[in-house]
Amino acid sequence: MPDSPVYSIGALVRMLGIPAATLRTWEDRYNVVVPERSPGGHRLYSRVQVEQLRFVRDRLSDGMAASDAYRLLQGRLASGVPLEPARIPDGDGLLVMLAEQDPFAADFSDYFLRTEGYGVTLVPTAELALAEAVRKVPDLVLIDLLISGAQGLRLCVQLRQQFDLPVLAISTLDLRDEALEAGAAAFLKKPLEPLRLVSVVRDLLGQSAYLRSDSAATSSL
């Protein structure tokens, strides 16, 4: 599975808890984790780069200065010493809304997401997606941008504004820039690869899973 750039800077803010201004400053100052730029100028990060920035964040949490954290990261990268991958909890208790009008594509994604332990709500139209989100707010929304006569971009904007949800946009068309402009956290082009789909969903929902795990642990004390 190629480590292609998928995640927007907004997705990293949500996943890592690092302000966007800080990420941009680190990029300019240290020139170590440099995201690709889409044709529209949006920063796009790969999964490897997410792990590198998580490594820096964790070193800062240990009391290390940013310059020293990046120096340590550079040393790890130069020596080939792997970074410790993040432990992402399973999807138990997390709800994904799948806004997909193609029943075959919907069944495909539904199967692999449920296999990972996520609850899945299937909606075939943009209108139903909004209504269902009001009824029960999901943890993430996966939107086919061609849903309801190509209303997916508008749906993405509406869900982000009303519920501040992470959105994974998908399409058979190359609408990456348009999806990022609409507030999507990540974009995948169809046909979807099962492992790639699950990997991105797990990354985008990792923080939510940790929060739920922490809450469950606290309530059990």
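Let me begin by describing the structure that accompanies this report. (Residues numbered from 1 in each chain as written. Predicted model: local features only at pLDDT ≥ 70, side-chain atom pairs only at ≥ 80, totals over all residues. Heavy atoms only, no water.)

## Examining the overall build of the chain
Just so we agree on the cut-off: Here a helix means four or more residues in a row that DSSP labels H or I, a strand means two or more in a row labelled E, and each is numbered from the N terminus. Accessibility here uses a 1.4 Å probe with only protein chains present; expressed as a share of the type maximum, an area under 20% marks a residue as buried, one over 50% as exposed, and anything in between as partly exposed. The contact rule is simple, with two residues in contact once any of their heavy atoms fall within 4.5 Å. For the area figures, the Shrake-Rupley method with a 1.4 Å probe applies, and any residue is considered shielded solely by the protein chains shown.
When helices and strands are tallied, the chain shows 10 helices and eight strands. Of all 221 residues assigned to the chain, the portion counted as buried reaches 48%. Expressed as a percentage of contacts within the chain between residues at least 6 apart in sequence, the contacts between residues at least 24 apart total 66%. Carbon and sulfur atoms provide 52% of the accessible area of the chain, an area that totals close to 10900 Å².

## Concerning the nonpolar core
For clarity, the threshold we go by: Only buried residues count toward a nonpolar core. Its members are Ala, Val, Leu, Ile, Met, Phe, Trp, Tyr and Cys residues joined through side-chain atoms within 4.5 Å.
Core analysis: the biggest nonpolar cluster contains 43 residues, and Tyr7, Trp26, Leu53, Tyr70, Leu168 and Leu204 have the highest contact counts within it. Dropping the residues within four chain positions of it, leucine 53 is found in contact with Leu12, Leu16, Ile18, Leu23, Trp26, Val33, Tyr45 and Tyr70. Ala99, Val123, Ile147 and Phe187 belong to the second-largest nonpolar core, a separate cluster that totals 22 residues.

## Quick look at empty space enclosed by the protein
Here is the rule we go by: With a 1 Å grid spanning the protein atoms alone, the term cavity applies to any set of points in which a 1.4 Å probe fits but cannot get out, the term pocket to an open set with protein on both sides within 12 Å along at least five of seven lines, and the term lining residue to any residue with an atom within 4 Å of a point. Grid points are joined across faces, edges and corners, and a volume is the space filled by probe spheres set on the points.
As enumerated under the stated definition, the model contains one cavity of 30 Å³ or more in all. Quantified by volume, the largest cavity comes out at close to 40 Å³. Together, Leu23, Trp26, Glu27, Val33, Tyr45, Leu53 and Tyr70 line the largest cavity. At three residues, helix H2 (residues 20-30) tops the list of elements feeding residues into the lining of the largest cavity.

## Points about the environment of valine 141
The topology assignment puts valine 141 in strand E6 (residues 140-144). Judged by relative accessible area, valine 141 falls into the buried class, the value being 0%. Ignoring any residue separated from it by four or fewer positions in sequence, one finds valine 141 in contact with Met97, Leu159, Leu165, Pro166, Val167 and Leu168.

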